[in-house]
Amino acid sequence: MKDIKLHASLTKECTVTKELLASSVGSGIVNVYATPMMIALMENTAATLLSQFLDEGETSVGVSIQASHDAATPEGMKVWATAEIIDVDRKKVTFHIEAKDEKDRISEATHARFIVNKEKFEAKAQQKKES
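Residues numbered from 1 in each chain as written. Predicted model: local features only at pLDDT ≥ 70, side-chain atom pairs only at ≥ 80, totals over all residues. Heavy atoms only, no water.

Undergrad: Teacher, can you tell me more about helix 2 (residues 35-51) here?
TA: Note: α-helices contain 3.6 residues per turn, so residues at a spacing of three or four share the same orientation. In a regular helix each residue adds 1.5 Å, so 17 residues correspond to 24 Å; helix 2 covers 24 Å between its end C-alpha atoms and thus fits that length. M38, I39, L41, M42, T45, A46, L49 and L50 are the residues of helix 2 that are buried. Buried positions in helix 2, seen along its axis, are confined to an arc of 165° and lie on one side of it. Contacts made by the buried residues of helix 2 are with strand 1 (9-15), strand 2 (58-67), strand 3 (78-89), strand 4 (92-101) and strand 5 (105-117). (Helix = DSSP H or I, 4+ residues; strand = E, 2+ residues; numbered from the N terminus. Expected span 1.5 Å × (residues − 1). Buried < 20%, exposed > 50% of the residue type's maximum accessible area, 1.4 Å probe, protein only. Arc of directions from axis to C-beta. Contact = heavy atoms within 4.5 Å.)

The following block contains the structure:
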């Protein structure tokens, strides 16, 4: 793991497609951007931001997220998620993440990720099937 720069940030964009609607992913019956898909964009933005600080064989895993979903976004609109590193405690990295669509702020979140050795992490998970 390299030195992680506090306040480093990254913004990612997506367009809300039919596949990302609550009615398509099973998180509701309305035709608006699904909360789980918004959370996935936010986590992906944080993970991508953190990846520049990782060594060969390392990855990060999400361990918590506390998020609001404050405004609905219809199909066809663009959404941006911006993640900022706000704290580093050894291998635990905390982010502030904000998501906006073309009209409103749609979410604000605090998200934590742990840096792990990918091979060891996956091996430990696979052991569950053997016991």
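The structure having been displayed, the exposition proceeds.
Undergrad: Explain the side chain of R113 to me, please; I cannot follow it from the model alone.
TA: Its place among the elements puts R113 in strand 5. A distance of 3.1 Å separates a polar atom in the side chain of R113 from a polar atom in the side chain of E43. In this structure R113 touches E43, A46, A47, L50, S60, V61, G62, V63, K91, K92, V93 and F95, once residues within four positions along its chain are discounted. (Polar contact = N/O pair within 3.5 Å; in protein donor to acceptor, adjacent residues only side chain to side chain.)

Undergrad: Can you walk me through unusual backbone geometry in this structure?
TA: Comment: phi is negative for the bulk of residues other than glycine, and the bulk of peptide bonds are trans. Here the phi dihedral of H7 falls at roughly 70°; this positive angle occurs in a residue that is not glycine. Positioned with a positive phi, R90 is a non-glycine residue whose angle comes to about 55°. Relative accessible area serves as the criterion here: at 68%, R90 is assigned to the exposed category.

Undergrad: How should I be thinking about the sheet that holds strand 3 in this particular structure?
TA: Strands belonging to one sheet form pairs held by backbone hydrogen bonds; the direction of such a pair is parallel or antiparallel. In space, the five strands of this open sheet follow the order 1-3-4-5-2, with antiparallel pairing throughout. Edge strands, defined here as strands with exactly one partner in the open sheet, are strand 1 and strand 2. On average, each strand axis in the sheet is inclined to that of its neighbour by 25°, with strand direction left out of account. Sheet analysis places strand 3 next to strand 4, joined by ten bridges and oriented antiparallel. Looking at the pairing, V88 lines up with V93 of strand 4. Those strands touched by helix 2 are strand 1, strand 2, strand 3, strand 4 and strand 5, and its axis lies near 50° from that of strand 5. Contacting strand 2 and strand 5, helix 3 (residues 118-130) crosses the sheet at an angle of about 90° to strand 5. (Pairing = 2+ DSSP bridges. Axes fitted to C-alpha atoms, helices over the stretch in contact; angles between N-to-C directions.)

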